[in-house]
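As a plain string of letters, each chain reads:
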Amino acid sequence: MPPTPSRPHCLASFPGPVTAFIAGASRGIGLAFVRRLAVGGQARRIWAACRDPEAAAALCGLAAEYRAVRILPLEITDESSHAAAAGIVAAEGEPLNLVINCAGLLHRAGGPMPERRLAEVRADWLLEAFAVNGAGPLLLAKHLEPMLPRRDRAVFASLSARVGSIGDNRLGGWYAYRGSKAAQNMFLRTLSIELVRRARGAVCVVLHPGTTDTDLSRPFQGGVPRHKLFGPDRAVDQLLRVIDGLSPRDNGRFIAWNGEPIPW
Ligand SMILES: NC(=O)c1ccc[n+]([C@@H]2O[C@H](COP(=O)([O-])OP(=O)(O)OC[C@H]3O[C@@H](n4cnc5c(N)ncnc54)[C@H](OP(=O)(O)O)[C@@H]3O)[C@@H](O)[C@H]2O)c1
């Protein structure tokens, strides 16, 4: 088991302090990314996007404490919301060299839980999961791509999940989540091929954070051994280490928190 890092990982592979955009920043892993980048001082600007800034108390606290943090509204399923957020980022005129999408959906409080069997599949839930987990990251890329540097290093990463791997699927179930994450994986793999034609220093990856103690995983942590359940700060430090180690050869890969490749 790797030791828990005590200090935020420093992004030494970038030429200087990064300009970062974190989607899904209201809570969970996205909030931890904003906190780790702000505390570590590795970012000159951290755009922290979430769909309801007024409800994101912890994020507002970070923005009050750290001048680098700017909160933006972003509903990831709504293209006009992407356009508005991108317009605000573009107006500042700083290229984005680190984009991390952490918005994702497995279940909703009081709403549907992941399907255990075919009879539990629902059309509305399949489409909602697809809109958030599948289309969301691709729309984000569409609207932020013009702000990526044309030559310098940039990373566009989106949090997927190992259960979105088709090759690794041995248990079945979780149709909406598995299928929508598999869609995300295909979208980002396709994006990775196009992206580097214009942003020559870009590396586009999908990342699996490992089971992390957040609202998303909480109902399913029962069978997870303690040493395999990461706190959000630890998960983020591990992912920042992976991001920092990415080279152009990693473009278009599906990578786990420990740097190991995951089959598609
Ligand atoms: N935690 C794990 O064990 C684990 C394991 C594998 C993969 N992942 C992946 O890692 C990512 C982050 O997960 P997490 O554990 O941090 O989940 P979380 O604590 O449930 O946070 C989910 C985030 O996504 C945002 N979001 C959901 N729907 C959205 C929408 N329509 N528009 C904009 N934002 C939306 C939420 O915003 P609101 O606050 O507004 O709802 C929240 O910020 C997800 O993609 C998840 O699939 C997590």
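What comes next is a walk through the structure. Residue indices follow the written sequence of each chain, beginning from 1 at its first position. Where totals are concerned, whole chains, interfaces and linings use all residues; where local detail is concerned, this predicted model gives features only for residues with pLDDT of at least 70, and gives and counts side-chain atom pairs only at 80 or more. The side-chain quantities take in all heavy atoms of the structure and omit both hydrogens and water.

### Details of the pairing of strand β2 (residues 43–50)
So, step 1. Type-normalised accessible area, obtained with a 1.4 Å probe on protein chains alone, sets the label of each residue: buried when under 20%, exposed when over 50%, and partly exposed for intermediate values. Helix and strand definitions here come from DSSP, where helices need a minimum of 4 consecutive H or I residues and strands a minimum of 2 consecutive E residues; each element is numbered from the N-terminal end. Judged by how many residues are buried, β2 sits mostly within the fold: seven of eight residues are covered.
So, step 2. In the sheet, strand β1 (residues 18–23) pairs with β2 via six bridges, with the strands oriented parallel. Bridging across to β2, Thr 19 finds its partner in Arg 45.
So, step 3. When the strands point away from the viewer, a crossover counts as right-handed if the path from the first strand over the helix to the second runs clockwise. At this point the chain moves from β1, through helix α1 (residues 28–40), to the parallel β2, and the crossover so formed is right-handed.
So, step 4. In this structure, β2 lies alongside strand β3 (residues 69–73), joined through five bridges in parallel fashion. A pair of strands is treated as paired once DSSP finds two or more bridges between them.

### Observations regarding the side chain of Ser 180
So, step 1. For Ser 180, the location among the structural elements is in helix α5 (residues 175–198).
So, step 2. A residue is classified by how much of its surface remains accessible, and Ser 180, at 1% relative accessible area, is buried.
So, step 3. The residues contacting Ser 180, other than those within four sequence positions of it, are Ala 129, Phe 130, Asn 133 and Gly 134. Here, residues are in contact when the closest pair of their heavy atoms is within 4.5 Å.

### Let's talk about the pattern of salt bridges
So, step 1. Every case where a carboxyl oxygen of Asp or Glu lies within 4 Å of a side-chain nitrogen of Lys or Arg is listed as a salt bridge. One pass over the full model with this rule turns up 19 salt bridges.
So, step 2. The closest approach of N and O atoms between Glu 145 and Arg 198, which form a salt bridge, is 2.8 Å. Separated by 53 residues along the polypeptide, Glu 145 in the loop between α4 (123–144) and β5 (154–159) and Arg 198 in helix α5 bring together distant segments of the chain.
So, step 3. Between Asp 250 and Arg 253 there is a salt bridge whose closest N-O contact spans 2.2 Å.
So, step 4. The class for Asp 250 is buried, based on a relative accessible area of 11%.

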